[in-house]
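Structural features, examined
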Amino acid sequence: MKTILVTGGAGFIGSHLVDRLLATTEARVVVVDNFSDFYAPEIKRANVRAHLENPRYQLIEADIREFERLRSIFSETPFDAIVHLAACTGVRPSLEQAIDYEQTNVTGTLHLLELAREFSIRKFVFGSSSSIYGANPNAPFKEEFLPLPISPYAASKAAGEMFAYTYSHLYQIQTVCLRFFTVYGPRQRPDLAIHKFARLMTAGKPIPLYGDGTTERDYTFVSDIVSGIIAALQYNQTPFEAINLGCSEMVPLKRLVEMLETALGVKANIDRLPMHPGDLERTHADINKAEQLLGYVPTTTIETGISKFVEWFRSRG
Ligand SMILES: NC(=O)c1ccc[n+]([C@@H]2O[C@H](COP(=O)([O-])OP(=O)(O)OC[C@H]3O[C@@H](n4cnc5c(N)ncnc54)[C@H](O)[C@@H]3O)[C@@H](O)[C@H]2O)c1
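Residues numbered from 1 in each chain as written. Predicted model: local features only at pLDDT ≥ 70, side-chain atom pairs only at ≥ 80, totals over all residues. Heavy atoms only, no water.

**Description of the pairing of strand S11 (residues 240–245)**
For S11, the tally of buried residues reaches six of six residues, placing the bulk of the element in the interior. Side chains of S11 alternate between two faces, with Phe-240, Ala-242 and Asn-244 and Glu-241, Ile-243 and Leu-245 buried alike. Pairing analysis gives six bridges linking strand S6 (residues 174–180) to S11, with the strands arranged parallel. Along S11, the bridge assignment pairs Arg-179 with Asn-244. (Buried < 20%, exposed > 50% of the residue type's maximum accessible area, 1.4 Å probe, protein only. Helix = DSSP H or I, 4+ residues; strand = E, 2+ residues; numbered from the N terminus. Pairing = 2+ DSSP bridges.)

Structural data, given as structure tokens:
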């Protein structure tokens, strides 16, 4: 039986990945997560509650910045693969907390790569981000574009990819860096637009809208992202790849708000704010490489995804 380490497995994407790994594979899943207070840790406790019942699941509360602690975890369990999702997430706060972002997202990633080398783990999947394309004026974003990160968060993800490339090259660790494009769905992080807007709109509060509403995002439903991660775990054709996981459909912010108004049956009260300096004008994934190498084909449209999100949002009472 294979043992897969999922860092950040108590978070939004990580907990969905664990759901799928436990339901559809025979793998043993070990999660390392420090239940950071970037958003309420109780939300993450709820994310893992059902997993704790499963005998193939183990939760270890640990911080990826603490190398010796990680080392003792690796010496106790022989992992076959690492899916590294633990991170300081969120673009905007990274401008005020650049050093924290570097320590978790760069040094923490390097700790895991070092341990992959030391314990001869041959498979590494890294949760990277569309934000690394940053100031690139060309769209859709193709993997060969030069990263031009415009926030410390984006820079930390680009640096993580660079270290992953180096370790893949030096130590034959087969690595896939997956560049996720704005992920949403049930259990979405409360700081992200869809969840934040739904919460404020239903409370009758104004929603902060940065820019004039024409910024566009390629929203990707979480179950499509999970399918891409599972395919990356199985991929073994080349030593290193960076691959976009998006939906390849751009949705203007104005349209997103209208869709939420319809799905929630509430009119949004908009608080217009200037564009944030770390935000991108648009994200748009070219997903040809993901389709060719991973057989990745996103199946959830924004309309279906928003209604699934709202169903979950309402079910929490
Ligand atoms: N959600 C998105 O739209 C999106 C887009 C692009 C990339 N990503 C990346 O995907 C990954 C998962 O994102 P998410 O949206 O599920 O975020 P999340 O914040 O819900 O999950 C991240 C998890 O990492 C844990 N963590 C943070 N710092 C840690 C540390 N020092 N040690 C151990 N655990 C730590 C947190 O407690 C959390 O459970 C992240 O790497 C993120 O950068 C997410």
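**Let's talk about the site of the ligand**
Neighbouring the ligand are 30 residues, the closest being Ile-13, Asp-33, Tyr-39, Tyr-153 and Val-183. Within the backbone of Ile-64, an N or O atom sits 3.0 Å from a nitrogen atom of the ligand. Isolated, the ligand exposes 820 Å² of accessible area, and the fraction of that covered by the protein chains is 97%. Broken down by secondary-structure element, the contributors of at least two residues to the shell around the ligand are helix H1 (12–24), strand S5 (123–129) and helix H5 (152–171). Ranked by the residues each element gives to the shell around the ligand, the list is headed by S5, at three residues. (Near = heavy atom within 4 Å. Polar contact = N/O pair within 3.5 Å; in protein donor to acceptor, adjacent residues only side chain to side chain. Areas by Shrake-Rupley, 256 points an atom, 1.4 Å probe, with all protein chains shown as cover.)

**Re the packing of H1 against helix H7 (residues 222–234)**
Axis separation between H1 and H7 bottoms out at 9 Å; the angle between their running directions is 65 degrees. Considering the relative orientation of H1 and H7, their crossing is right-handed. Together, Phe-12, Ile-13, His-16, Leu-17, Arg-20 and Leu-21 of H1 and Val-222, Ser-223, Ile-225, Val-226, Ser-227, Ile-229, Ile-230 and Leu-233 of H7 make up the contact between the two elements. A per-class count over the contact of H1 with H7 returns ten nonpolar, three polar and one charged. (Axes fitted to C-alpha atoms, helices over the stretch in contact; angles between N-to-C directions. Left-handed = near helix turned anticlockwise from the far one by under 90°. Contact = heavy atoms within 4.5 Å. Nonpolar A, V, L, I, M, F, W, Y, C, P; charged D, E, K, R; others polar.)

**Topic: the environment of Ile-243**
Its place among the elements puts Ile-243 in strand S11. The spatial distance from the C-alpha of Ile-243 to the C-alpha of Leu-294 is 9.1 Å, given a sequence separation of 51 residues. Those residues in contact with Ile-243 that lie beyond four places of it in its chain are Glu-143, Val-176, Cys-177, Leu-178, Arg-179, Lys-289, Ala-290, Leu-293 and Leu-294.

**Re the pattern of salt bridges**
For the structure shown, the criterion picks out 14 salt bridges. Linking Arg-179 and Glu-161 is a salt bridge whose minimum nitrogen-to-oxygen distance equals 2.7 Å. With Arg-179 in strand S6 and Glu-161 in helix H5, this residue pair connects regions lying 18 residues apart in the sequence. Pair check on accessibility: Arg-179 and Glu-161 agree, each one buried. Here Arg-255 and Glu-249 are joined by a salt bridge, their closest N and O atoms 3.8 Å apart. Note on Arg-255: relative accessible area 27%, which makes it partly exposed. The structure contains a network of salt bridges with shared partners spanning Glu-249, Arg-255 and Glu-303. (Salt bridge = Lys/Arg side-chain N within 4 Å of Asp/Glu carboxyl O.)

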